[in-house]
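Examining the three-dimensional arrangement
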Amino acid sequence: MEEGTVSVAALFAADGSLAEVPQCRKVAFYEGDQGVWLSTGGLDFGFEGASGLCGMRKRLSEFMGAIGKRSAILAAGFPGVCRDVLSRNGYVLYETGIFEEGVLDGIAEHLREGDQEGEGVPIAPFEEEPGSGIFFLDLRLALNANPDLTTKMILRPFLQGAKFLELGFIYDHFPPWLPSELRGLGYKYECSDCKGGVSVRVYGGASCDRQES
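Residues numbered from 1 in each chain as written. Predicted model: local features only at pLDDT ≥ 70, side-chain atom pairs only at ≥ 80, totals over all residues. Heavy atoms only, no water.

The next subject is the pairing of strand S10 (residues 197-203). Here strand S8 (residues 166-171) runs beside S10; their pairing, made up of 6 bridges, is antiparallel. Looking at S10, one finds that Phe169 is bridged to Val200. Note: strand S9 (residues 188-194) against S10, 7 bridges, orientation antiparallel. Each bridged residue has a counterpart across the sheet, and for Glu190 the counterpart in S10 is Arg201. (Pairing = 2+ DSSP bridges. Helix = DSSP H or I, 4+ residues; strand = E, 2+ residues; numbered from the N terminus.)

On the basis of which strands lie adjacent, the open sheet formed by 5 strands has the order S6-S7-S8-S10-S9 and mixed pairing. With one partner strand each, in any of the chains shown, strand S6 (126-127) and S9 form the two edges of the open sheet. Running at roughly 175° to S8, helix H5 (residues 151-161) makes contact with strand S7 (134-138), S8 and S10 of the sheet. (Contact = heavy atoms within 4.5 Å. Axes fitted to C-alpha atoms, helices over the stretch in contact; angles between N-to-C directions.)

With 46 residues, the main nonpolar core has Phe63 and Leu159 as its most contacted residues. The element contributing the most residues to this core is helix H1 (residues 52-67), with 5 residues. Residue contacts for Phe63: discarding those within four places in its chain leaves Leu11, Val27, Phe45, Phe47, Ile73 and Leu86. Ranked by size, the runner-up nonpolar core spans 15 residues in total, among them Ala72, Leu74, Val103 and Leu104. (Core = buried A, V, L, I, M, F, W, Y, C linked by side-chain atoms within 4.5 Å. Buried < 20%, exposed > 50% of the residue type's maximum accessible area, 1.4 Å probe, protein only.)

The subject of this paragraph is the pairing of S8. Looking down a regular strand, the side chains alternate between one sheet face and the other. Most of S8 is tucked away: 5 of the 6 residues are buried. Relative to S8, S7 is paired through 5 bridges, and the arrangement is parallel. When the sheet's bridge partners are listed, Phe136 is paired in S8 with Gly168.

Quick look at the sheet that holds strand S2 (residues 26-33) now. Strand order across the open sheet formed by 5 strands is S3-S2-S1-S4-S5, with mixed pairing between neighbours. The outermost strands of the open sheet, each flanked by one partner alone, are strand S3 (36-44) and strand S5 (92-95). Between one strand axis and the next, the sheet turns by 25° as a mean value, whatever way the strands run. Sheet analysis places strand S4 (residues 72-75) next to S5, joined by 4 bridges and oriented parallel. Paired with Ile73 across the strands is Leu93, a residue of S5. Helix-sheet contacts for H1 involve strand S1 (6-12), S2, S3 and S4, and the interaxial angle to S2 is about 45°.

Residue placement: Glu95 occurs in strand S5. Here Glu95 falls in the partly exposed class, since its relative accessible area comes to 39%. Other than its neighbours up to four places away in sequence, Glu95 contacts Ala75, Ala76, Gly77, Phe78, Arg83 and Met153.

The subject of this paragraph is the packing of H5 against helix H6 (residues 178-185). Contact geometry of H5 with H6 gives a least axis separation of 11 Å together with a crossing angle of 10°. Relative to H6, the element H5 is oriented roughly parallel. Seen from H5, the contacting residues are Arg156, Leu159 and Gln160; seen from H6, they are Leu178, Glu181, Leu182 and Leu185. For the contact of H5 with H6, the residue count by class is 4 nonpolar, 1 polar and 2 charged. (Parallel < 35°, antiparallel > 145°, perpendicular 65-115°, else oblique. Nonpolar A, V, L, I, M, F, W, Y, C, P; charged D, E, K, R; others polar.)

To continue, consider the packing of aromatic side chains. In total, this model carries 10 aromatic pairs according to the counting rule given. Both rings, one in Phe158 and one in Phe164, keep their centres 5.1 Å apart while their planes meet at 35°; by these two values the pair is tilted. Neither residue differs from the other here; Phe158 and Phe164 are each classed as buried. Members of the aromatic cluster, joined through ring pairs, are Phe135, Phe158, Phe164 and Tyr187. The aromatic ring of Tyr203 is capped on one face by Arg201, whose charged end is 4.1 Å from the ring centroid. (Phe/Tyr/Trp six-rings, centres within 6.5 Å; stacked < 30°, edge-to-face > 60°. Lys NZ or Arg CZ within 6 Å of the ring centre and 35° of its normal.)

Turning to the environment of Asp84, a few remarks are in order. Within the secondary structure, Asp84 is located in helix H2 (residues 82-88). Accessibility expressed as a relative area gives 4% for Asp84, which makes it buried. Expressed as a C-alpha distance, the spacing of Asp84 and Pro157, which sit 73 residues apart in the sequence, is 7.8 Å. When near neighbours in sequence (up to four residues on either side) are disregarded, Asp84 contacts Ala124, Pro125, Phe135, Phe158 and Ala162.

Written out as structure tokens, the structure is:
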């Protein structure tokens, strides 16, 4: 791939529509930039039979090995543990319902703007130190960089699918949907004021116990 060229892996279902990760049956590769794109092949790849967290994590690892280094992954959705695993492994994720003209151009423009800003903004909680089980995310930065996302779209997949000891995040207010969600999943939380918003800490043994079962 030439320097400055964007490489996108797009996930499609059996009927040819853009797919959520678990429904993927074919991956197509595109390379190019604004207005000039080439289809550079693809591969058949599916997630059928990948049951439970362990099964999905293993299949996602196989998927990443199959697609190699790409600028971005495009899909109709990244449910459950998919968003966490893929983003933590360095892929920039883009979600849309329809694969139409202009989508690839939009991805290229967004990636280029990110390069100009000199930073890659995480859109999923990341582990502060490998193996620590302690994750963090600045939701303000994530949502400013990705205005089509919401706090629920970012946090819920992580809470429901990731294995962690503690999650910390910063936002301009405490998400009103979060307390009932945390109670249902068996987590505890603490909230404190910080500069420009609130700092939230989510913890509780129920999360780890549930992941190990």
